[in-house]
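# Structural overview for review
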Amino acid sequence: MPRRSKTPSGLLIAGALLLTSLGLGGIATGAGAPAPGGGAAAVFTAGHFGHPMAVSTATSPEDPDGDGYIPANPPVTGVTPSTQTPPHRYFHEFQANCSVSHTRPDDPIVYPQQPGKSHDHTFLGNTTTSANSTTATLEAGGTTCRAPGDRSGYWMPTLYNGDSAVLPVGPQVIYYKAGVTDYTSVRPFPKGLRFVVGSPMQTPDEFRHHPGFVEGWECGDSYFNVDFPANCPSRADVQLNIRFQAPSCWDGKYLDTPDHKGHMAYPVVKPGTNDNVCPADHPVAVPMIEFKMAFPVNGDLSHLKLASGPSHSFHYDFFNAWDTATLKALVGHCIVGGLQCDARGYDQTHPEAGAALDENYQLPPTTPRT
């Protein structure tokens, strides 16, 4: 598959594309400064405690020429977006329940091989995620997810109450859903797919009208907030929450692109219907990830801030390192099967359907591994 320009000017263009996609045009203070790995970088200050962030085309083991494009191997071709309407089912989803493992000012998608270049992130899932993470290192790592087969990396900007980090406690809910009407057309993520959802530089209006916006910041009886609620009931059962959805249509060509978004797209409405379909240039329907994070803080919320900035700078990253057979079983049983599954792939309202995984959240020995 053809790659993009590998010349110095091509590197600068790729870096400029990333700046533009993150809303950073005109903010860079060090454009052209050398970066680890030899790529051009634009350095600016953002986030809690002024962590420097370097938007860079630095090389990594999976992108040795540093152009920002990581081709899928093999690519998915010959796919036409499905416009079929299968039998109605209220649910077509399963959960990945993953706990926080660590925090670190790293981002292996945006700043690969550049430790400390990011604002601080709160990592869930894979216990080894760092600036140096690759598909191979994640596959070899451990996980805080209930399903041992999910070694994916999930991360978001760290939340602070004043100068103290507020970390979600216990397994958090990461939904895998059908984002298109034809839930039977959804296929598993390719190994190594990665993307960023939202932007640390988005405006309040962009956050509120983002296609992934579900309920914004909520606490107690306060919902759909762009800003953190000023106050929240001081009760043990009340926490600050956010729900945000990822794009679920893939171009079938790249595992990553320079802006970490261009290879993914949100579904569109089919003209004359209420059906959600993938756009023609991103025809491959994959699971729609939805973060549902709960932060143990209530009462006076006036001192809350994200490591990336204000409340509307919330965003998150996903780096797929699922065991292929395990993800295939859950997608087939729960999403394509039209069920509402837990992390075992079990739907309590349809016990006759059984579960995709055993009591240890692993594939039964009789399940094919391909």
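Structure: see above.
Residues numbered from 1 in each chain as written. Predicted model: local features only at pLDDT ≥ 70, side-chain atom pairs only at ≥ 80, totals over all residues. Heavy atoms only, no water.

## Concerning the overall build of the protein chain
For clarity, the cut-off: Helix numbers and strand numbers start at the N terminus; a helix is a DSSP run of H or I with at least 4 residues, a strand a run of E with at least 2. When a residue's accessible area, from a 1.4 Å probe over protein chains only, is under 20% of the maximum for its type it is buried; when over 50% it is exposed; and in between it is partly exposed. Here, two residues are considered to be in contact whenever any of their heavy atoms come within 4.5 Å of each other. For the accessible areas, the method is Shrake-Rupley and the probe is 1.4 Å, while residue cover comes only from the protein chains on display.
Assigned secondary structure in the protein chain consists of four helices and 26 strands. Burial status across the protein chain gives 54% buried among its 370 residues. Sequence-distant contacts, at least 24 apart, represent 72% of the contacts inside the protein chain between residues at least 6 apart. Total accessible area on the protein chain is roughly 15100 Å²; 53% of this is exposed by carbon and sulfur atoms.

## Quick word on the sheet that holds strand β6 (residues 100–104)
In plain terms, the rule: Two strands are said to pair when DSSP picks up at least two bridges between them. Fitted lines through C-alpha atoms serve as axes, helices being fitted only where they are in contact, and the angles separating the N-to-C directions of these axes extend from 0 to 180 degrees.
Strand order across the open sheet formed by five strands is β6-β7-β8-β26-β12, with antiparallel pairing between neighbours. Single-partner strands in this sheet number two, and they are β6 and β12 (194–197). When strand polarity is set aside, the average angle formed by the axes of neighbouring strands in this sheet is 20°. Judged from the four bridges that link them, β6 and strand β7 (residues 121–125) form a sheet pairing that is antiparallel. What sits directly across from Arg104, in β7, is His121.

## A few points about the sheet that holds strand β25 (residues 304–306)
Strand order in the open sheet formed by three strands is β10-β9-β25, and the pairing between neighbours is antiparallel. Each of the sheet's edge strands pairs with one partner strand only, and the pair in question is β10 (164–166) and β25. Strand-to-strand twist of the sheet, defined as the mean angle between neighbouring strand axes without regard to direction, takes the value 40°. Here strand β9 (residues 159–161) pairs with β10 via three bridges, running antiparallel. Residue pairing for β10: Asn161 is matched across the bridge by Ser164.

## Observations regarding the nonpolar core
The cut-off we apply is this: Buried residues of nine kinds, namely Ala, Val, Leu, Ile, Met, Phe, Trp, Tyr and Cys, make up a nonpolar core once their side-chain atoms join them within 4.5 Å.
Counting residues in each nonpolar core, the largest one holds 68 residues, and the members touching the most others are Phe94, Tyr154, Tyr176, Leu240, Ile289 and Phe295. Val110, Tyr111, Phe123 and Val196 belong to the second largest nonpolar core, which has nine residues in total.

## What about the pairing of strand β16 (residues 240–245)?
The element β16 is extensively covered by neighbouring structure, given that six of its six residues are classed as buried. Sheet topology places strand β13 (residues 213–219) next to β16; four bridges connect them, and they run antiparallel. The residue of β16 that forms the bridge with Gly216 is Arg243. As paired elements, β16 and strand β23 (residues 288–295) share six bridges and run antiparallel to each other. Bridge pairing links Asn241 to Ala294 in β23.

## A word on the state of the cysteines
Put simply, the test is: We call a pair of cysteine sulfur atoms a disulfide whenever their separation is within 2.5 Å.
Within this structure, the stated rule accounts for four disulfides. Paired through a disulfide, Cys219 and Cys232 show a sulfur-sulfur distance of 1.7 Å. Judged by the sign of its S-S torsion, about -90°, the bond between Cys219 and Cys232 is left-handed. Residue Cys219 is located in strand β13, and its partner Cys232 is located in strand β15 (residues 231–232); the two are separated by 13 residues in the primary sequence. The residues Cys219 and Cys232 share a single accessibility class, namely buried. Linked covalently through their sulfurs, Cys334 and Cys341 form a disulfide whose S-S length is 2.3 Å. A torsion of -100° about the S-S bond marks the disulfide between Cys334 and Cys341 as left-handed. Residue classification places Cys334 among the buried residues on the basis of a relative accessible area of 0%.

Purely spatial values, then, with no claim about function.
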